[in-house]
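Single-letter residue listing:
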Amino acid sequence: MKLTLWLVVAAIILLAGMFLPSCRVIRQFDHLERSARKTITASELQTWVTNLLAKYPSNTTASVWPSELGTNFPNKLLKLYHVPPNIFIFGPTADWPVPHLSITWGGGFIGHTGFEVRPTNFPGWRGTNTWAPGVYFFKQP
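Computed from a prediction, not measured in an experiment: that's the story for all the values here.

Bringing the packing of aromatic side chains into the picture now. This structure, assessed with the given rule, holds five aromatic pairs. When the ring of Trp48 is compared with that of Phe73, the centres are 5.4 Å apart and the planes differ by 90°; the resulting orientation is edge-to-face. Of this pair, Trp48 sits in helix H3 (residues 42-55) while Phe73 is found in the loop between helix H4 (66-69) and strand E2 (86-90), placing the two residues 25 residues apart along the sequence. As far as the burial class goes, Trp48 and Phe73 line up, both buried.

Moving on, we come to H3. An ideal rise of 1.5 Å per residue puts 20 Å on 14 residues; H3 measures up with 20 Å between its terminal C-alpha atoms. Taken residue by residue, H3 has Ala42, Leu45, Gln46, Trp48, Val49, Leu52 and Leu53 as its buried positions. All buried residues of H3 fall inside an arc of 165° around its axis, so they share one side. Every exposed residue of H3 that faces more than 90 degrees away from the buried side is listed here: Ala54 and Lys55. Looking at the buried residues of H3, the elements they touch are H4, E2, strand E3 (100-106), strand E4 (112-117), strand E5 (129-132) and strand E6 (135-140).

Evaluation of the coordinates by the stated rule reveals three salt bridges. When the shortest N-O distance is used, the salt bridge between Arg37 and Glu33 registers 3.1 Å. In this pair, Arg37 and Glu33 both sit in helix H2 (residues 32-39), four residues apart, roughly one turn of the helix. Residue class for Arg37 comes out partly exposed when judged on its relative accessible area of 41%. We note a salt bridge from Glu44 to Lys76, for which the minimum N-O separation is 2.9 Å. Placement of Glu44 in helix H3 and of Lys76 in the loop between H4 and E2 is noted, with a sequence separation of 32 residues between them.

With antiparallel pairing, the six strands of this open sheet are ordered in space as E1-E2-E3-E4-E6-E5. Looking along the sheet, the strands with just one partner apiece sit at the ends: strand E1 (62-64) and E5. Along the sheet, successive strands turn relative to each other by an average axial angle of 20°, direction set aside. With three bridges connecting them, E1 and E2 associate as antiparallel partners. Bridge pairing in E2 places Ser63 opposite Phe88. The sheet contacts of H3 involve E2, E3, E4, E5 and E6, and relative to E3 the element is tilted by about 115°.

Note that Ser102 resides in strand E3. Assessed through its relative accessible area of 0%, Ser102 is described here as buried. A polar contact is formed between the side chain of Ser102 and the side chain of Glu116, at a distance of 3.4 Å.

Criteria and thresholds
Residues numbered from 1 in each chain as written. Predicted model: local features only at pLDDT ≥ 70, side-chain atom pairs only at ≥ 80, totals over all residues. Heavy atoms only, no water. Phe/Tyr/Trp six-rings, centres within 6.5 Å; stacked < 30°, edge-to-face > 60°. Helix = DSSP H or I, 4+ residues; strand = E, 2+ residues; numbered from the N terminus. Buried < 20%, exposed > 50% of the residue type's maximum accessible area, 1.4 Å probe, protein only. Expected span 1.5 Å × (residues − 1). Arc of directions from axis to C-beta. Contact = heavy atoms within 4.5 Å. Salt bridge = Lys/Arg side-chain N within 4 Å of Asp/Glu carboxyl O. Pairing = 2+ DSSP bridges. Axes fitted to C-alpha atoms, helices over the stretch in contact; angles between N-to-C directions. Polar contact = N/O pair within 3.5 Å; in protein donor to acceptor, adjacent residues only side chain to side chain.

In structure tokens:
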């Protein structure tokens, strides 16, 4: 009887140890917008994106990692989630005549979340929450 009870307690502790870290990651992901607002300002994001877009004048889409940008990436954003974001730089198209940028975290079963940053006179497009003109937060399942 004591051995069975000990095995049940050990199994519960083992399962809790396996699932608690993933619950923390999901909670961190779900609160990314709120954490970002405490960490960086919309104007800081807008300034960084404007400067970055000036370096990518191409009409094609580019995907870059924060590590590729070196010091030209706001390190404050690296603290928002345990995995660095993907950065997509979009050149002008017929639908969106000005370049813009997407900072995206996630994938798989947790979905995608992040920011769309574009000039202040162009709206967001993904069912977004407006943080400031030109800075939009999105979350997709």
